[in-house]
Amino acid sequence: MDNYEQLSDEWMKIFKGGGTTEDFRRMFQDVDAVTDLPCAFFWEEIHKAFPDAKIIFNQRDEDEWWISFKRQILSSDIFVEKLFSRLSPTWHHFDNWLQKLLGTVFGKVTTDSIFCPMQYSEMGCRMVYRRHNTYLLKNAPKDKLLIFNLDDGWEPICKFLDLPVVDKPFPHKNKKSNLKNEIQGTRTVSRMKSEISTGISVILCTFSLFVGYITYQNSTFVSNFVDKFISK
């Protein structure tokens, strides 16, 4: 979410027309480390901007990756959530950014609408995953690359970075695609919630006024009708 909240305009420029080494250097000049998309996809461009940087590649079973990735996609495929999210201008901005990101990395990953479930190309996503891994393993500088397995814990990373081995359990967040819970406290999601709440309030208020108006009109009509009937 940091990439969106702090660098959304810069990334959008790259998604649409590419970027230069200087662009990446300017974006990450005060950053110690990056992870996940879109940075993982643009690892080579970032490394050109910072040639002394080290690369940690998490080698993961493809089927395991796909199950996790699919779960992430489907975790937002909920009718009520998709319906109410349309009330947030921030959601529209973020969704446009996210679709540009996914389109850049995977091509067209999913098709989505409020009333239909998401559709995605498993074959296409898996092909992108394989190509990315193969290209990185072939082209990343061997003296700057660590092929890392999460089960190995802190020791390989700390030795690779010339740091003392951490004496704490290795963290494991986002278990079972719990990413939505992880980003609940971000500025973006908080703004979305506020806008959705405001939108719902406006709709309810408008509906109440409409019902009140219709009720008033009907009561006036009935009253006039009764007055005319009695007068006769």
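Refer to the structure presented above.
The shown structure was predicted, so the numbers you read here are calculated from the model rather than taken from an experiment. Each chain has its residues counted from 1, running along the sequence as written. Note on the predicted model: pLDDT of at least 70 is required for a residue's local features to be given, and 80 or more for side-chain atom pairs to be given and counted; whole-chain, interface and lining totals, by contrast, use all residues. Excluding hydrogens and water, the side-chain figures rest on all heavy atoms present in the structure.

### Section: the packing of aromatic side chains
Inference 1: Only Phe, Tyr and Trp rings are paired, with Trp represented by its six-membered ring, and only when their centres lie within 6.5 Å; those with planes under 30 degrees apart are stacked, over 60 edge-to-face, the remainder tilted. Taken as a whole, this structure holds 19 aromatic pairs when the rule is applied.
Inference 2: Measuring from ring centre to ring centre gives 5.0 Å for Phe 69 and Phe 106, while their planes differ by 35°; the resulting arrangement is tilted. Pair noted here: Phe 69 is in helix 4 (residues 62–74) and Phe 106 is in helix 6 (residues 89–106), with a separation of 37 residues, a long-range link.
Inference 3: Relative accessibility decides the category of a residue: with a 1.4 Å probe and only protein chains considered, values under 20% of the type maximum give buried, values over 50% give exposed, and everything between is partly exposed. Classification of Phe 106 as buried rests on a relative accessible area of 14%.
Inference 4: These aromatic residues form a ring-pair network of at least three members: Tyr 4, Trp 11, Phe 15, Phe 24, Phe 28, Phe 41, Phe 42, Phe 94 and Trp 97.
Inference 5: Here, over-ring charges are defined by two tests on the NZ atom of lysine or the CZ atom of arginine: distance to the ring centre within 6 Å, and angle to the ring normal within 35 degrees. Here Lys 54 stacks its cationic end above the ring of Phe 160, 5.0 Å away from the centre of that ring. Think of it this way: any DSSP run of H or I at least four residues long counts as a helix, any run of E at least two long counts as a strand, and we number them from the N terminus.

### So, the environment of Leu 37
Inference 1: Assignment of secondary structure puts Leu 37 in the loop between helix 2 (21–28) and helix 3 (43–49).
Inference 2: With relative accessibility at 29%, the residue Leu 37 sits in the partly exposed group.
Inference 3: The sequence separation of Leu 37 and Asn 3 amounts to 34 residues, and the corresponding C-alpha distance is 8.7 Å.
Inference 4: Working rule for contacts: check all heavy atoms of both residues, and any pair within 4.5 Å makes them a contact. Beyond its immediate stretch of four places on either side in the chain, Leu 37 contacts Asn 3, Leu 101, Val 105 and Phe 106.

### Observations regarding the nonpolar core
Inference 1: We call a set of buried residues a nonpolar core when its members are Ala, Val, Leu, Ile, Met, Phe, Trp, Tyr or Cys and they connect through side-chain atoms within 4.5 Å of each other. Grouped together as the largest cluster of nonpolar side chains are 29 residues, with contacts concentrated most on Trp 11, Phe 24, Phe 28, Trp 97 and Phe 106.
Inference 2: Of all the secondary structure elements, the ones that give two or more residues to this core are helix 1 (2–17), helix 2, helix 3, helix 4, helix 6 and helix 7 (122–139).
Inference 3: For this core, the element with the highest residue contribution is helix 6, accounting for seven residues.
Inference 4: Formed by six residues, the second largest nonpolar core is a distinct cluster that contains Trp 43, Ile 55, Phe 57 and Leu 145.

### What about the pattern of salt bridges?
Inference 1: Salt bridges are counted wherever a side-chain nitrogen of Lys or Arg sits within 4 Å of a carboxyl oxygen of Asp or Glu. One pass over the full model with this rule turns up 11 salt bridges.
Inference 2: For Arg 126, the salt bridge is made with Asp 63, and the minimal N-O distance between the two is 2.8 Å. Taken as a pair, Arg 126 in helix 7 and Asp 63 in helix 4 lie far apart in primary sequence, 63 residues in all.
Inference 3: Taking the relative accessible area as the measure of exposure, Arg 126 reaches 13% and is therefore buried.
Inference 4: Among the residues examined, Asp 63 registers a relative accessible area of 42% and is labelled partly exposed.
Inference 5: Bridged by salt links that share partners, the residues Glu 62, Asp 63, Glu 122, Arg 126 and Arg 130 form one connected network.

### Some words on the packing of helix 1 against helix 6
The relative placement of two packed helices is expressed as an angle between their axes plus a distance between the axes.
Inference 1: The contact between helix 1 and helix 6 brings their axes to 10 Å, and the two run at 50°. Comparing the axis directions of helix 1 and helix 6 gives the class oblique. The two elements helix 1 and helix 6 meet at a crossing, and its hand is left-handed. Where helix 1 approaches helix 6, its residues Asn 3, Tyr 4, Ser 8, Trp 11, Met 12, Phe 15 and Lys 16 are matched on the opposing element by Thr 90, His 93, Phe 94, Asn 96, Trp 97, Lys 100, Leu 101 and Thr 104.
Inference 2: Split by residue class, the contact of helix 1 with helix 6 holds seven nonpolar, six polar and two charged. Fitted lines through C-alpha atoms give the axes, limited to the stretch in contact for helices. The angle between two N-to-C directions lies from 0 to 180 degrees. Each angle receives one of four descriptions, namely roughly parallel if under 35 degrees, roughly antiparallel if over 145, roughly perpendicular if within 65 to 115, and oblique otherwise. Note on convention: the crossing is left-handed when the near helix lies turned anticlockwise from the far helix by less than a right angle, right-handed when the turn is clockwise. Under the scheme applied here, ten amino acids are nonpolar (Ala, Val, Leu, Ile, Met, Phe, Trp, Tyr, Cys and Pro), four are charged (Asp, Glu, Lys and Arg), and all others, including Gly, are polar.

### Notes on a nonpolar patch on the surface
Inference 1: Together, Phe 207, Phe 210, Val 211, Tyr 213 and Ile 214 line one region of the surface with nonpolar side chains, adding up to about 510 Å² of accessible area.
Inference 2: By the element assignment, Val 211 lies in helix 10 (residues 187–231).
Inference 3: Looking at Val 211, the relative accessible area reads 36%, which means it is partly exposed. Surface patches are defined over residues having more than 30% relative accessible area and no salt bridge, joining like charges when they lie within 9 Å and nonpolar side chains (Val, Leu, Ile, Met, Phe, Trp, Tyr) when within 5 Å. Here the Shrake-Rupley method, with its probe set to 1.4 Å, supplies the accessible areas, and only the displayed protein chains count as covering residues.

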